[in-house]
Every structure is written in structure tokens, then in C-alpha cells.
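Examining the three-dimensional arrangement
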Amino acid sequence: MNDISNTEENNHPISPAEVGGRIFLIGFMGCGKTHWGKLLSHRLHIPFFDLDEKVKEKEGKSINDIFAQNGEEYFRLAEKETLYMLTESHDDFVMACGGGTPCYFNNIDYMKKMGRVIWINCSTQSLYNRLVKERAKRPLIKNLTDEQLKAYIIKKLAGRRIYYQQASVILNEDDLTLDNLLHQLSLS
Ligand code: S3P
């Protein structure tokens, strides 16, 4: 993964004015939305929001506890409310959305209307490699065995692809660098 101190990338000539506005990063759990979102916001000098973190702040509890105590439907509503609240109160930001954010309540249409949407498209194998080590904080997968996790990723990704592929920019993990992200944004 790239480091924000990478000088080659910091010297990239594209200015924030060209690629600013509201930038939504979408993609499956474990695809690197938070990592790339932080790098991008740092490079563009605009705020970074992690939507899950903001939902946690709003509800005063972890995502696991929201799912366990209030249910997924409640979480999806809180996620949508937080998405709208942050979007309507800021003109420039990079937001790392949750893996399910674009798949509920026409959120994908809303995000596309309000800004630019980038899908970080990762293979099921690399998602598995990451998620197998990072299950605990994710209520949808925390109780799955390794085999079940693999099957879950394949099935869920197949169902979510129709939302993810509506993004204005689609970046495959193999082409993912900060430079390329900025370049694709400037073209979108
Ligand atoms: C979810 C992804 C999570 C979080 C919640 C549900 C999903 O976010 O919003 O656990 O439905 O894919 P990350 O993609 O940041 O893990």
C-alpha cells in the first residue's frame, strides 16, 4: 500500500480544484476504502469522513452493537441519515462509505447526484485474504468460518455488483495508485 509521503505522488500536477467536490469511495468490505480515502483527502486537502465511524458517533455504540441491539434495518437507516447529513453540510470531502451503503434506499443515485463515486474493485481472493484477518468488527461476517466467508464474499459481491458498477470511476485494485486515482477523477 502506498504511503502519503511518496514524493512522486505528492508532485503530481493535478490540483484539488480539478478533482475536489464530494468524492464517495465505494466497494466491498476490505477493499481499502478507508486507506485510499485518507490518502486522497490528504493529497487534496479536503476533509475525510469514514461513514461507519460517523454512524458509530451518532449512535454512541459500535457497528456490532447497533446490529446486535437494533438490527440491520435500523443500521441502514442510520447510515442513510448520516450520509445525507454529511453530504448536505459539506461541499468538499472524501468519504469512505460502508460496503453496503450504495445498495440501499437508492443511495447510489443520491451519491452520483451530489458528487463523484469511485468503486474500488477487488478480486474475491484479495478480499478474502484481508477479511479473514479482519472479521471481528464486521457483524455480517464475524461468525463465519473461513469456508463460509469465502462463499459469502462470492455471493454477496455478485449481488452488489449492479450497484457498485454504477460508479463514475471504476478502479481495479491492480491499477490502484494515488496518481491514477487523481487522474481518473480529473477525467470524470
Ligand atoms: C457492511 C460493511 C461495513 C459496515 C457494516 C456493513 C456491509 O463497512 O458498514 O458492517 O454491508 O458490507 P466496511 O465496508 O467499511 O467494512
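Everything here concerns the structure above.
Let me begin by describing the structure that accompanies this report. (Residues numbered from 1 in each chain as written. Predicted model: local features only at pLDDT ≥ 70, side-chain atom pairs only at ≥ 80, totals over all residues. Heavy atoms only, no water.)

The next thing to look at is the overall build of the protein. A count of helical and extended segments in the protein gives 10 helices and five strands. By the burial criterion, 46% of the 188 residues in the protein qualify as buried. Across the protein, contacts joining residues at least 24 apart in sequence account for 74% of those joining residues at least 6 apart. (Helix = DSSP H or I, 4+ residues; strand = E, 2+ residues; numbered from the N terminus. Buried < 20%, exposed > 50% of the residue type's maximum accessible area, 1.4 Å probe, protein only. Contact = heavy atoms within 4.5 Å.)

Time to look at the pattern of salt bridges. By the definition in use, this model includes 10 salt bridges. The partner of Lys58 in a salt bridge is Glu81, and the shortest N-O contact between them spans 3.0 Å. Here Lys58 is found in helix α4 (residues 51–59), whereas its partner Glu81 is found in helix α6 (residues 72–89), with 23 residues between them in sequence. In this structure Lys58 comes out as partly exposed when scored by relative accessible area, which is 42%. A relative accessible area of 45% places Glu81 in the partly exposed class. (Salt bridge = Lys/Arg side-chain N within 4 Å of Asp/Glu carboxyl O.)

On to the site of the ligand. In the neighbourhood of the ligand, 13 residues make up the surrounding shell, with Lys33, Asp52, Arg76, Arg138 and Arg160 lying closest. A distance of 2.7 Å separates an oxygen atom of the ligand from a polar side-chain atom of Arg138. Contact with the protein chains covers 94% of the free accessible surface of the ligand, which is 390 Å². When atom positions are compared with the pocket grids, the ligand is found to occupy the largest pocket. Considered class by class, the residues forming the shell around the ligand number five nonpolar, three polar and five charged. (Near = heavy atom within 4 Å. Polar contact = N/O pair within 3.5 Å; in protein donor to acceptor, adjacent residues only side chain to side chain. Areas by Shrake-Rupley, 256 points an atom, 1.4 Å probe, with all protein chains shown as cover. 1 Å grid on protein atoms, 1.4 Å probe; cavity = no way out; pocket = protein on both sides within 12 Å on 5 of 7 lines; lining within 4 Å. Sits in = over half its atoms within 2 Å of the grid points. Nonpolar A, V, L, I, M, F, W, Y, C, P; charged D, E, K, R; others polar.)

Before going further, it helps to spend a moment on the layout of surface pockets. When its volume is computed, the largest pocket comes out at roughly 760 Å³. Along the walls of the largest pocket sit 31 residues, with Met29, Thr34, Asp52, Lys137 and Arg138 positioned nearest its centre. By residue number, the principal contributor to the lining of the largest pocket is α4, which donates four residues. By residue class, the composition of the lining of the largest pocket is 10 nonpolar, nine polar and 12 charged. (Points joined across faces, edges and corners; volume = space filled by probe spheres on them.)

Glancing now at helix α7 (residues 107–114). By the burial criterion, the buried members of α7 are Asn107, Ile108, Tyr110, Met111 and Met114. In an axial view of α7, the angular spread of the buried residues amounts to 160 degrees, which keeps them on one side of the axis. Structurally, α7 contributes buried residues whose contacts are with β1 (22–26), α6, β4 (116–121) and α9 (146–164). (Arc of directions from axis to C-beta.)

Bringing the pairing of strand β5 (residues 169–172) into the picture now. The side-chain alternation of β5 yields one buried face, formed by Val169 and Leu171, and one unburied face, formed by Ile170 and Asn172. By the bridge criterion, four bridges tie β4 to β5 in an arrangement that is parallel. Across the sheet, Asn121 pairs through a bridge with Asn172, a residue of β5. (Pairing = 2+ DSSP bridges.)

All right, on to the environment of Gly27 then. With respect to the element layout, Gly27 can be found in the loop between β1 and α3 (33–44). The sequence separation of Gly27 and Pro102 amounts to 75 residues, and the corresponding C-alpha distance is 8.7 Å. Sequence-distant contacts of Gly27, that is, excluding residues within four places in its chain, are made with Lys33, Gly99, Trp119, Ile120 and Tyr164.

Quick look at the nonpolar core now. By size, the foremost hydrophobic cluster in this structure holds 47 residues, and its most contacted members are Ile26, Phe28, Leu40 and Met95. Among the elements that line this core, the one with the most residues is α9, at five residues. Excluding residues that lie within four positions of it along the chain, Met95 makes contacts with Ile23, Phe24, Leu25, Phe49, Leu51, Leu83, Leu86 and Thr87. Formed by six residues, the second largest nonpolar core is a distinct cluster that contains Val55, Phe67, Phe75 and Ala78. (Core = buried A, V, L, I, M, F, W, Y, C linked by side-chain atoms within 4.5 Å.)

Structural measurements only, silent on function.
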